[in-house]
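Listed here are the chains, written in short residue letters.
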Amino acid sequence: RCRRGVQSVDAYRRFPVMKAIAPLLLVLTVFGGRLLKRPESLAPLIPREVLFANLQRTSPQISGDGSILAYLNPDRKGNLNVVVANPMDALQSQQFVTRGSRSIEHFQWAADSKHILYLQDDDGDEQWVLHSVDVASKEDVVVMGGANSSVEAFWTDRRAPGQVLVAATRPGTNGLSDIYRVWPNRTAQLEVANPGQVHQWVVETTTGKPLRVVAAVAVSGDGQHTMLKRPENAGVDVHLSDWDTWISWQGDDYLAPLGMSLTGSLLVESNINADKVGIFELADGGEMKPVFTPENADLGDVMLDLTSNAVMAVGWDYLRREMHFMDELVDSDLKAFRAQADADEELPMITSRSADDTLWVLKVQSSSRPAQYWLYRTSRAPEHHFRLSPGRSSFLFQDNQMSKIWRTQPAEAVVITAEDGTELPAYVTRPPVGVAYKTTTTTTTTSTFAAQDVSMAMYLGVDTEDDAPANVTGGPLVLLVHGGPWSRDNWPFDPMTQMLANRGYAVLRVNFRGSRGFGKSFERAGDGQWGDGILGDLKAAVSWAVDKQIADPARVAIMGGSFGGYAVLASLAGEDRGSYACGVDMFGPSDVARLIASMKTSKFGSEYDWLERRVGDVSDKVFNQRISPLYHASNITSPLLVAQGVRDPRVPVEQSDEFVKAVRAKGGKVDYVRFESEGHGLEIPGNRLDFYQRVDGFLAQCLGGRAEDKSFVAGTTAHEG
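Residues numbered from 1 in each chain as written. Predicted model: local features only at pLDDT ≥ 70, side-chain atom pairs only at ≥ 80, totals over all residues. Heavy atoms only, no water.

It is worth spelling out unusual backbone geometry at this point. The peptide bond linking Gly-484 to Pro-485 adopts the cis configuration, its omega dihedral lying at 10°. Residue position: Pro-485 is located in the loop between strand S30 (475-481) and helix H6 (495-502). A positive phi is found at Lys-138, a non-glycine position, where the angle reads about 70°. Along the chain, Lys-138 turns up in the loop between strand S7 (129-134) and strand S8 (140-144). Taking relative accessible area as the criterion, Lys-138 reaches 31% and is therefore assigned partly exposed. (Helix = DSSP H or I, 4+ residues; strand = E, 2+ residues; numbered from the N terminus. Buried < 20%, exposed > 50% of the residue type's maximum accessible area, 1.4 Å probe, protein only.)

In this structure, Gln-163 sits in the loop between strand S9 (151-155) and strand S10 (164-169). For Gln-163, a relative accessible area of 17% translates into the label buried. Sequence-wise, Gln-163 and Trp-183 are 20 residues apart; in three dimensions their C-alpha atoms are separated by 4.9 Å. Beyond its immediate chain neighbours, meaning those up to four positions away, Gln-163 contacts Trp-155, Thr-156, Arg-181, Val-182, Trp-183, Pro-184 and Leu-211. Here Arg-181 takes part through its side chain, which lies 2.6 Å from a polar atom of the side chain of Gln-163. (Contact = heavy atoms within 4.5 Å. Polar contact = N/O pair within 3.5 Å; in protein donor to acceptor, adjacent residues only side chain to side chain.)

What follows covers helix H14 (residues 685-703). Taking 1.5 Å as the rise per residue, H14 with 19 residues should run 27 Å; its terminal C-alpha atoms sit 27 Å apart, in good agreement. Burial runs high along H14: 15 of the 19 residues are buried. After H14 finishes, the residue Gly-704 shows a positive phi value of roughly 85°. (Expected span 1.5 Å × (residues − 1).)

Reading across the sheet, the 4 strands line up as S24-S25-S26-S27 and stay open at both edges, with antiparallel pairing between neighbours. The open sheet has two edge strands with one neighbour each: strand S24 (349-353) and strand S27 (392-398). The average undirected angle you get between the axes of adjacent strands in this sheet is 30°. Two strands pair when backbone bridges link them, and S24 and strand S25 (residues 359-364) are joined in this way by 4 bridges, in the antiparallel orientation. Of the residues in S25, the one forming a bridge with Ser-352 is Val-361. (Pairing = 2+ DSSP bridges. Axes fitted to C-alpha atoms, helices over the stretch in contact; angles between N-to-C directions.)

Turning to the pattern of salt bridges, a few remarks are in order. According to the stated counting rule, one finds 36 salt bridges in the structure shown. Note that Asp-284 and Lys-229 form a salt bridge whose closest N and O atoms lie 2.7 Å from each other. With Asp-284 in the loop between strand S19 (278-282) and strand S20 (288-292) and Lys-229 in strand S15 (residues 224-229), the pair connects residues that are 55 residues apart, well separated along the chain. A relative accessible area of 54% means that Asp-284 is categorised as exposed. Assessed through its relative accessible area of 26%, Lys-229 is described here as partly exposed. Arg-509 serves as the salt-bridge partner of Asp-489, at 3.9 Å between the closest nitrogen and oxygen. (Salt bridge = Lys/Arg side-chain N within 4 Å of Asp/Glu carboxyl O.)

Let us now look at the packing of helix H8 (residues 533-547) against helix H9 (residues 563-573). Running from N to C, H8 and H9 point in directions that differ by 80°, and their axes come no closer than 11 Å. It follows that H8 is roughly perpendicular to H9 by the angle criterion. Contact residues: Ile-534, Leu-535 and Leu-538 in H8; Phe-563, Ala-567, Ala-570 and Ser-571 in H9. For the contact of H8 with H9, the class distribution of residues is 6 nonpolar, 1 polar and no charged. (Parallel < 35°, antiparallel > 145°, perpendicular 65-115°, else oblique. Nonpolar A, V, L, I, M, F, W, Y, C, P; charged D, E, K, R; others polar.)

Further remarks concern the pairing of strand S29 (residues 423-429). With 6 of its 7 residues buried, S29 lies for the most part within the structure. In this sheet, S29 lies alongside strand S28 (residues 411-417) in antiparallel orientation, the contact comprising 7 bridges. Across the sheet, residue Glu-412 finds its bridge partner in S29, namely Val-428. In textbook terms, the turn of a hairpin is the stretch between consecutive antiparallel strands, and for S28 and S29 this stretch comprises 5 residues, one of which, Gly-421, has a positive phi near 95°. With 4 bridges joining them, S29 and strand S31 (residues 506-510) adopt antiparallel strand pairing. Within the sheet, the bridge partner assigned to Tyr-427 lies in S31 and is Arg-509.

Scanning the model with the defined rule gives 1 disulfide in all. One disulfide in the model links Cys-582 with Cys-702; its S-S distance is 2.2 Å. Its S-S torsion of approximately -105° makes the covalent link between Cys-582 and Cys-702 left-handed. Here the residue Cys-582 occupies a position in strand S33 (residues 582-586), and Cys-702 occupies one in helix H14, the gap between them amounting to 120 residues. The partly exposed category is assigned to Cys-702, whose relative accessible area is 23%. (Disulfide = S-S within 2.5 Å.)

Turning our eyes to something else, we now look at empty space enclosed by the protein. Per the counting criterion, the structure on display carries 2 cavities of 30 Å³ or more. In this structure, the second largest cavity occupies an estimated 30 Å³ of space. Looking at the second largest cavity, the residues that line it are Ser-367, Gln-409, Pro-410, Ala-411, Thr-429, Trp-491, Pro-492, Asp-494, Thr-497, Gln-498 and Arg-509. Looking at the lining of the second largest cavity residue by residue, the class counts come to 4 nonpolar, 5 polar and 2 charged. (1 Å grid on protein atoms, 1.4 Å probe; cavity = no way out; pocket = protein on both sides within 12 Å on 5 of 7 lines; lining within 4 Å. Points joined across faces, edges and corners; volume = space filled by probe spheres on them.)

With that settled, the discussion passes to the side chain of Arg-688. Relative to the assigned elements, Arg-688 resides in helix H14. Within the buried core, Arg-688 has no salt-bridge partner, and the shortest N-O distance to an opposite charge, that of Glu-683, equals 4.9 Å. Once residues lying within four places of it in the same chain are set aside, the contact partners of Arg-688 are Phe-52, Ala-53, Asn-54, Leu-682 and Glu-683. (Lys, Arg positive; Asp, Glu negative; His and termini not counted.)

The relative placement of two aromatic rings is captured by the distance of their centres and the angle of their planes. According to the stated counting rule, one finds 18 aromatic pairs in the structure shown. Measuring from centroid to centroid gives 6.0 Å for Tyr-318 and Phe-518, while their planes differ by 80°, and the two rings are edge-to-face. Placement of Tyr-318 in the loop between strand S22 (311-317) and strand S23 (321-325) and of Phe-518 in the loop between S31 and helix H7 (520-524) is noted, with a sequence separation of 200 residues between them. For Phe-518, a relative accessible area of 6% translates into the label buried. On the basis of an interplanar angle of 55° and a centroid distance of 5.7 Å, the ring pair of Tyr-373 and Phe-397 is categorised as tilted. One end of the pair, Tyr-373, is in strand S26 (residues 372-377); the other, Phe-397, is in strand S27, with 24 residues separating them in the sequence. (Phe/Tyr/Trp six-rings, centres within 6.5 Å; stacked < 30°, edge-to-face > 60°.)

Before going further, it helps to examine the sheet that holds strand S13 (residues 198-204). Spatial strand order, S13-S14-S15-S16: 4 strands in an open sheet with antiparallel pairing. In this open sheet, the two edge strands, each paired with only one partner strand, are S13 and strand S16 (244-250). The sheet shows a mean angle of 20° between the axes of neighbouring strands, direction not considered. Note that S15 and S16 share 6 bridges and pair antiparallel.

Below is the structure:
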């Protein structure tokens, strides 16, 4: 390193070369006299495969008898399949029990602790088939689904270990399901025929008679929801009018059953007559007795006693995870675990429990580290030969085995104020200090440096944010928009955010109005605001980042999938198009009326009326054309990358085809890639790696960030359009 300070005039006379580099030395002086780091000393590029190949191990579940741990693990082709292992030796004793050609998304133990049940669709068509696999023999059989039938839910009960209750659709039912009982010999019997309008079933799995349908939720054409109580000793076919009304509510309210209590009341999550979702006991007469409701956000997860269904603990998120305990042993056990696991950053989640509640699988999350899973033996467990003593924990694994050499970045939880005063919970992740990127001009000394540019050879030599120069202004930013829009962003680790930050971009994720989880009034504030208030919130978030000197207003990209993709297209084509240098759209609808029409004629038809009420009257052509990007495609002049699944049942590929054609017709620049064998998302590992390689290069060209070299991707089904 050079000594601090500027060389003397005598030095220039003695060494003429010093005169030539004087401007550089002046820059060094402005930045505190430090020698600027060489490119190879920057935070290493995190390989895309580390972030976007299937998680190496994830979703562990303990069997009911506590003897076997099951979890998802990639096979040789990168597809997530189920493996089983000794819970005290999870990594060394693993054996594959499924061999799916596509990644498995959902599985659970059967009540007998001998079989695993899992769902799988065909090439992203979302027609779900229920499988059962014997963990000893590896025999894999289809329980139900296929041939135009889709399994929408299933239930097991430790009191009826050989049986499964299945909700499955039939052709021509517009997504409505019937209930079937599947016996140990795999014969299926129709248990309850849908009486019409029933969208949700309530099944006893803890109290009362095992695996019995006790209630259902019917939805009328005007959006009225009614919880109906099934008559005692009812047969297969019972007319809708013969079910007893329990409680009714409007579709914009929320009620979801959790289970029957020992007293015969129904435990529910609901926000009826309230702003936030809480937990209530629903009595026979429809009276709602409050149990617990968070003050600042909707209820998230609920822990119930495995015998009585009594509430033991609840969790929720506003900016970060919070919890409330009704059971002192659960509280003390989690405190003991956190002390052992050094899990102070975030409250853990109990994701799986043995039938006697003596073994827990715990998930510990961080914004800068992939999720970790632990096995914990609760204090209520007796002392016996099990290798884990009561009140002690054992580390299982991290779901992405990222080496510690990869420098990841923490997320900062913030609240942004929209133009009308609405508070927007958000998360900002900054690039590593010392990562440099190209400046918009090479003559200024007040621009931030961010992506690798050897020809410039100008890199900040700072190791902490405290060392960064005070006069550095904002750099490139990616506004990452979540889907839904009735979804939300959270604080924990996000691979996309980490790739973008590692490349030299600040990343901003904002929960705009209409996002779910922050109360009814916040969610309803997004009604009819697809092309208006929601986009205004996104613009306000960018303005906040510029004001905080996080973002350079000339180098902001917008990126998102599903509704987030819609927001990309609408922002680039709308009044705020000057706010974004480029955009990345994944599966975003460009014609809202056609989106809703396609859902009306698909398995999602039961959602149609509710969706149209929330979006607005898209049958009004003027309204639909105003909020649909397709009709403003000629306005798009910023570079755009579009990804679309050919088998997408929600946003048909024709929508993206037509939109891209319209943009190109007016001279707009669009990189368009279609993925065969994909639906509304990228499930095939090769396709994910292919797409994020394109994102990496696209954003580097648009914003001047770093990018990993392009390489051959095996297993992709991508076709450029």
